[in-house]
Amino acid sequence: MYEWAELRHFKYLLTILERQGFRAAAEELRTAQPNLSVQARQFQENASVRLFRKMKGGRIRPTDAGVAFKVLAKFLLETRDEVIDALIAIERGEVDSVRFGCTPLVDQGLFRTFCDLHKEILPVCPVRPTHGDTAHLAEEVVSGTVDAAFVTLPLRHPDLRIEELRRDRLVVCLRRDDPLAAKASLQTAELQGNLAVLYHPQRHPDAHARLLELLGDAGVQLEEHSCASHPSEMQTLVKGGHGFALIREGTSLDGDLTTRPISGVDWTVDTALIYHKVRHPKTVPILVKRLMKQLPQHGKETAPNKVSIPVQTSIATGKRPPQRAKDEPVQMTLIG
């Protein structure tokens, strides 16, 4: 559709916008200024966009489209480099096998899709799945034992690239024959005395502490409860009559169980893919982009006061996000 658009156009125009003028851009690119002018004019005419306005002294000011262009052109050129890096690594035999990890609370379908995408790129490369907690998998990614892993946030580490992929609502899991299952949604007050099955706090202490904080904010005091190390174990406890649990919306359920949203709050489980910033298979960044393209974008919308680590650091610092009006939902991030 846009065969006239070449990578050099994006490089030239990006430099023009970043250097705020043709003369400085020509010097950096080591090309003639008239050549840049021709390239810039042709691109804008073919695309029917105006990326900048000329000011006095030869300087330029980007339009709204120009501001967006800088971000998108960087993304395009970065992707080009990642594709070439991946091809070189494959040619050199550097991607002979990969080990991808996944935590229990992550949608396993998402994990399988990622593995399948790698097989499409390199069918002869074995994909070896591994499972564990967020902290454990993060350590293995840092050490190089695992190449990339799906985890639930929060997670912070200076050596890791953390790509947030999606956010799923946290809902109440209860028995179908429970009287409260007749309701379309539950009030936070109805969790009191009923919420008695939790994901084991030792699997992620920070998330557990944050959950207790938010339950307290909602007026729910956690009483005696059971702990489980896997969503299936949590469902077994709920089915056995040990109380309600909080699970990721969309989790496959036992036939005797159902889920209900919680009115007045919007608590979420946030999924991210992590890999080492330097030492990673060169195919991984391409897979992330392909995977994100397949995901529904509505799953990544961020509410103004959403607690989303590592973008915000409420768990790490103990600081709380700005207060919302009482009738507005509060969002929270849980991990597993």
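Residues numbered from 1 in each chain as written. Predicted model: local features only at pLDDT ≥ 70, side-chain atom pairs only at ≥ 80, totals over all residues. Heavy atoms only, no water.

1. Topic: the overall build of the protein
To keep things clear, this is the line we draw: Here a helix means four or more residues in a row that DSSP labels H or I, a strand means two or more in a row labelled E, and each is numbered from the N terminus. Three exposure classes are used, based on accessible area relative to the maximum for each residue type with a 1.4 Å probe and protein chains only: buried under 20%, partly exposed in between, and exposed over 50%. Working rule for contacts: check all heavy atoms of both residues, and any pair within 4.5 Å makes them a contact. Calculation of accessible area relied on Shrake-Rupley with a 1.4 Å probe; when residues are assessed, cover is drawn exclusively from the protein chains displayed.
Along the protein, the regular secondary structure elements total ten helices and twelve strands. Scored against the burial criterion, the 336 residues of the protein give a buried share of 46%. Put simply, of all contacts in the protein between residues at least 6 apart along the chain, 76% involve residues at least 24 apart. Total accessible area on the protein is roughly 17700 Å²; 50% of this is exposed by carbon and sulfur atoms.

2. A closer look at the packing of helix α2 (residues 22–29) against helix α3 (residues 33–47)
Defined as follows: Note on method: axes are straight lines fitted to C-alpha atoms, helices fitted across the in-contact stretch only, with angles between N-to-C directions ranging 0 to 180 degrees. Convention used here: angles under 35 degrees read as roughly parallel, angles over 145 as roughly antiparallel, angles from 65 to 115 as roughly perpendicular, and any remaining angle as oblique.
Where α2 meets α3, the closest approach of the two axes is 9 Å, and the angle between their N-to-C directions is 110 degrees. Viewed along their axes, α2 and α3 adopt a mutual orientation that is roughly perpendicular. Residue-level inspection shows Phe22, Arg23, Ala25, Ala26 and Leu29 of α2 in contact with α3, the latter providing Gln33, Leu36, Ser37 and Ala40.

3. Section: the side chain of Thr130
One can find Thr130 in strand β4 (residues 127–131). For Thr130, the residues in contact, after removing those within four places along its chain, are Arg99, Phe100, Gly101, Cys102, Leu137 and Val146.

4. A look at the confidence of the model for the protein
The cut-off we apply is this: As a per-residue quantity, pLDDT reports the predictor's confidence and falls between 0 and 100.
With 88% of its residues at a pLDDT of at least 70, the protein reaches an overall mean of 85. Ranking the elements of the protein by mean pLDDT puts helix α10 (residues 314–317) last with 30 and strand β10 (residues 257–260) first with 97. Every residue in residues 298–336 scores below 50 in pLDDT, and together they form 100 contacts with partners more than four places removed in sequence or on other chains.

5. As for the pattern of salt bridges
Pairs can form between side chains of opposite charge whenever their charged atoms are close. For clarity, the cut-off: By definition here, a salt bridge exists when the distance from a side-chain nitrogen of Lys or Arg to a carboxyl oxygen of Asp or Glu is within 4 Å.
Scanning all chains against the criterion turns up 20 salt bridges. The residue Arg80 makes a salt bridge to Asp81 at a minimum N-O spacing of 3.1 Å. Residue Asp177 pairs with Arg175 through a salt bridge whose shortest N-O separation is 2.7 Å. Taking relative accessible area as the criterion, Asp177 reaches 56% and is therefore assigned exposed.

6. Focus: the packing of aromatic side chains
Cut-off, in case you're wondering: Think of it this way: a Phe, Tyr or Trp ring, Trp meaning its six-membered ring, pairs with another when their centres are within 6.5 Å, and the plane angle makes it stacked under 30 degrees, edge-to-face over 60, tilted otherwise.
What the rule picks out here adds up to nine aromatic pairs. With centroids separated by 5.9 Å and ring planes inclined at 80 degrees, the aromatic side chains of Phe111 and Phe150 adopt a geometry described as edge-to-face. A residue pair is termed long-range when its members are at least 10 positions apart, and Phe111 in helix α5 (residues 108–121) and Phe150 in strand β5 (residues 148–152) qualify at 39 residues. The class for Phe150 is buried, based on a relative accessible area of 0%. With centroids separated by 5.1 Å and ring planes inclined at 80 degrees, the aromatic side chains of Phe114 and Phe150 adopt a geometry described as edge-to-face. Highlighted residues: Phe114 in helix α5 and Phe150 in strand β5, separated in sequence by 36 residues. Side by side, Phe114 and Phe150 carry an identical accessibility label, which is buried.

7. Some words on the packing of α5 against helix α9 (residues 284–294)
Short version of the rule: Each crossing gets its hand from how the near helix is turned against the far one by less than a right angle, where anticlockwise is left-handed and clockwise is right-handed.
Axis separation between α5 and α9 bottoms out at 10 Å; the angle between their running directions is 125 degrees. The angle between α5 and α9 falls in the class oblique. Pair α5 / α9 crosses with right-handed handedness. Listed contacts from α9 to Leu110, Thr113, Phe114, Leu117, His118, Glu120 and Ile121 of α5 are Ile286, Leu287, Val288, Arg290, Leu291 and Gln294.

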